[in-house]
Amino acid sequence: MTKYLLTIFIIMLLVSASYAEENGGFYVTKIDDEIFARIQGKSFKDDCTLPREDLRYLHVLHKDLAGNTHEGEMICNAYIAKDVIEIFKALYDADYPIEKIRLVDEYNADDELSMRDNNSSSFNFRFISHTTKISKHGLGLAVDINTLYNPYTKVVNGKRILEPATAGEYIDRTKNFPYKIDENDLCYKLFIAKGFEWGGSWKSAKDYQHFEIPDDVIAKLYPNNK
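Here the structure is a predicted model, which is why all the values come from computation and not from measurement. (Residues numbered from 1 in each chain as written. Predicted model: local features only at pLDDT ≥ 70, side-chain atom pairs only at ≥ 80, totals over all residues. Heavy atoms only, no water.)

Draft legend 1. Structural view of the overall build of the chain. Across its full length, the chain holds six helices and nine strands. For the chain, buried positions account for 46% of its 226 residues. In the chain, 57% of the contacts between residues at least 6 apart in sequence involve partners at least 24 apart. (Helix = DSSP H or I, 4+ residues; strand = E, 2+ residues; numbered from the N terminus. Buried < 20%, exposed > 50% of the residue type's maximum accessible area, 1.4 Å probe, protein only. Contact = heavy atoms within 4.5 Å.)

Structure follows, in structure tokens:
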């Protein structure tokens, strides 16, 4: 590396660090080569048809139940990046507890492992089963929060489906426990105010961790995703 290029590189690092500090640890960037190397072949799978340019990297701060501050990372669609950053900033300012916000790639893009660890995440490319339609997480247009305590559940032919499989004690939503999301919850209110829909309101299934962009909006953004 030439002295000139080294100087430019150092300046870029300093600007990036300054930007993060000035924004209180909350910022959005494009998916550069370094970030892409972390997700390629994992959440950004070999058959991923979503353009890399449609994604954004989010750096956020969050607090645990004890009030300790942690750095978090998330990748989502550029369309929701600003809203999601604003939501996480509001949650942080309100001391709202989120245990972990890590890239799902740290779990080798295995959703079950990520959920069992109560990790909050967004983008993980996949098609809806038996279709050529990309799922909302595959588009980076859905966000899951405190996933162990807010599971997905559905009864099919008398058999209960539960994701993560370790979340059985959190199915009963009349109970009080840490990290629970319901309609009185600040996290719910902030996502709804930004135009997201909540999986806890679904009729045939319940996905208490899940906030997503409505179908009609996605149809305009990705009209060929059928």
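What follows continues from the structure just given.
Draft legend 2. A look at the sheet that holds strand β6 (residues 159-163). Ordered in space as β6-β5-β8, the three strands form an open sheet in which the pairing is antiparallel. This sheet does not close on itself; its edge strands, each paired only once, are β6 and β8 (206-207). With two bridges joining them, strand β5 (residues 152-156) and β8 adopt antiparallel strand pairing. Looking at the pairing, tyrosine 152 lines up with aspartate 207 of β8. (Pairing = 2+ DSSP bridges.)

Draft legend 3. The side chain of threonine 147, seen in detail. Positionally, threonine 147 belongs in the loop between β4 (142-144) and β5. If we skip the residues at most four places from it in the chain, threonine 147 touches Ser114, Met115, Asn118, Asn119, Pro164 and Gln209.

Draft legend 4. Spotlight on helix α3 (residues 78-93). Here α3 spans 23 Å end to end across 16 residues, near enough to the 22 Å set by a 1.5 Å rise per residue. Of all the positions in α3, only Ile80, Ala81, Val84, Ile85, Ile87, Phe88, Leu91 and Tyr92 are classed as buried. Contacts from the buried residues of α3 go to β1 (27-30), β2 (55-63), β3 (69-77), β4 and α5 (186-193). Among the residues of α3, the N-terminal cap falls to asparagine 77, whose side-chain oxygen and the backbone nitrogen of tyrosine 79 are separated by 2.9 Å. Following α3 by one or two positions, aspartate 95 adopts a phi angle in the positive range, close to 60 degrees. (Expected span 1.5 Å × (residues − 1). Polar contact = N/O pair within 3.5 Å; in protein donor to acceptor, adjacent residues only side chain to side chain.)

Draft legend 5. Local environment of the sheet that holds β1. Strand order in the open sheet made by the three strands is β1-β2-β3, with antiparallel pairing throughout. The sheet terminates laterally at β1 and β3, the two strands that pair on one side only. Here the average twist between neighbouring strands, direction ignored, is 25 degrees. In this structure, β2 lies alongside β3, joined through nine bridges in antiparallel fashion. (Axes fitted to C-alpha atoms, helices over the stretch in contact; angles between N-to-C directions.)

Draft legend 6. Region of interest: the environment of lysine 206. Considering the arrangement of structural elements, one finds lysine 206 in strand β8. A residue is classified by how much of its surface remains accessible, and lysine 206, at 26% relative accessible area, is partly exposed. Remark: the alpha-carbon pair of lysine 206 and isoleucine 171, spanning 35 residues in sequence, is separated by 9.5 Å. In contact with lysine 206, not counting residues within four places along its chain, are Pro151, Tyr152, Thr153, Gly199, Gly200 and Ser201.

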